[in-house]
Amino acid sequence: MVTVKVLQVVGFKNSGKTTLITGFLDLAKNNGKTISTIKHHGHGGALELPPVETDSMQFFNHGAQSSLAYGDGVVQIHMQNNTGNLDELIELSCQTKPDIVLIEGFKKAVFKKIVLVRSQQDWETLRELDNIVLVIVHEGVELKGINTLDRSRLDDIYKWFAKWMAGETNESI
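What you are looking at is a predicted structure, and each value in this text was computed from that prediction instead of being measured.

Chemist: I'd like a rundown of the packing of aromatic side chains, residues and numbers included.
Modeler: In the structure shown here, the tally under the stated rule is three aromatic pairs. Judged by centre distance (3.9 Å) and plane angle (5°), the rings of Phe24 and Phe161 are stacked. In this pair, Phe24 is assigned in helix α1 (residues 17-30) and Phe161 in helix α5 (residues 154-166), connecting sequence segments 137 residues apart. A relative accessible area of 0% means that Phe24 is categorised as buried. Put simply, the rings of Phe24, Tyr158, Phe161 and Trp164 touch in pairs and so form one group of aromatic residues. One residue, Lys5, lies across the ring of Trp164, its end atom 4.5 Å from the ring centre.

Chemist: Explain the confidence of the model for the protein residue by residue, including any values.
Modeler: When pLDDT is averaged along the protein, the result is 88; 92% of the residues meet or exceed 70. Across the protein, strand β6 (residues 113-117) holds the top mean pLDDT of 97, while strand β4 (residues 74-79) sits lowest at 82.

Chemist: Hey, could you go over the environment of Leu143 for me, with residue numbers and the actual values?
Modeler: One can find Leu143 in the loop between β7 (132-137) and β8 (149-150). Once the C-alpha coordinates of Leu143 and Thr37 are considered, the two residues, 106 residues apart in sequence, prove to be 29 Å apart. If we skip the residues at most four places from it in the chain, Leu143 touches Val117, Gln120, Trp123, Val135, Val137 and Thr148.

Chemist: Can you lay out the pattern of salt bridges for me, pointing to particular residues and giving the numbers?
Modeler: Should the charged atoms of two oppositely charged side chains come close, the side chains can pair. Applying the stated rule across the entire model yields five salt bridges. When the shortest N-O distance is used, the salt bridge between Arg153 and Asp156 registers 2.5 Å. Through salt bridges with shared partners, a single ionic network connects Glu124, Arg127 and Glu128.

Chemist: Any details on the sheet that holds strand β2 (residues 35-39)? Residues and values, ideally.
Modeler: Strand order in the open sheet formed by six strands is β2-β5-β1-β6-β7-β8, with parallel pairing between adjacent strands. In this open sheet, the two strands that pair with only one neighbour each are β2 and β8. Along the sheet face, α1 touches β1 (5-11), β2, β5 (100-104), β6 and β7 and points at about 155° away from the line of β1. In this fold α5 packs onto β1, β2, β5, β6, β7 and β8, with an angle of close to 150° to the strand it touches most, β1.

Chemist: Pulling in residues and values, what's your account of the environment of Leu89?
Modeler: Within the fold, Leu89 resides in helix α3 (residues 86-93). In this structure, the C-alpha to C-alpha distance between Leu89 and Lys39, residues 50 residues apart in sequence, is 9.9 Å. Discounting residues that sit within four places of it in the chain, Leu89 has contacts with Ile38, Asn81, Gly84 and Phe106.

Chemist: Which residues make up the nonpolar core, and what are the values?
Modeler: With 20 residues, the main nonpolar core has Leu7, Leu20, Phe24, Ile114, Trp160 and Phe161 as its most contacted residues. Among the secondary structure elements, those contributing two or more residues to this core are β1, α1, β5, β6, β7 and α5. Residues in contact with Phe161, not counting those within four places in the same chain, are Leu7, Phe24, Leu27, Ala28, Ile35 and Leu102. Among the nonpolar cores identified, the runner-up in size contains 11 residues, and Val10, Val115, Val137 and Leu143 belong to it.

The rules behind each value
Residues numbered from 1 in each chain as written. Predicted model: local features only at pLDDT ≥ 70, side-chain atom pairs only at ≥ 80, totals over all residues. Heavy atoms only, no water. Phe/Tyr/Trp six-rings, centres within 6.5 Å; stacked < 30°, edge-to-face > 60°. Helix = DSSP H or I, 4+ residues; strand = E, 2+ residues; numbered from the N terminus. Buried < 20%, exposed > 50% of the residue type's maximum accessible area, 1.4 Å probe, protein only. Lys NZ or Arg CZ within 6 Å of the ring centre and 35° of its normal. pLDDT = per-residue confidence, 0-100. Contact = heavy atoms within 4.5 Å. Salt bridge = Lys/Arg side-chain N within 4 Å of Asp/Glu carboxyl O. Pairing = 2+ DSSP bridges. Axes fitted to C-alpha atoms, helices over the stretch in contact; angles between N-to-C directions. Core = buried A, V, L, I, M, F, W, Y, C linked by side-chain atoms within 4.5 Å.

Given below as structure tokens:
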């Protein structure tokens, strides 16, 4: 059961998801919040892993269900997980006891989400998603009947996020 505050950032490739999350991370840190992030690797194929010669990768490649390496306050973990179950990934990320979990991708998940829209065509697909709380549009995109923020209005977007972190937003569009 997820008890941490969760927010998804979704959109198509090159819509600005990573840039937005990076800004949210800085804002949260400046406000004393801790955040874990989860990224859906949607580029096809397996993730790029450390060199096979490392001890942790040798263990992993010889069948370890998980392989953790620790050094200088940082834990690196590689795990077998064929389900891609987002709830399991959130539970795993909560081991660090974050205030917030930000998720990039996993469009079909049920959590509150910010949608980044590059074009009217993007919106035609993305508007069907559940729990949209904010729509951010690229320059020149106008969506009739929908409250949006322009991607260039970072101050307004960060104000929205600060209110969301504090629980002060109307979490629906």
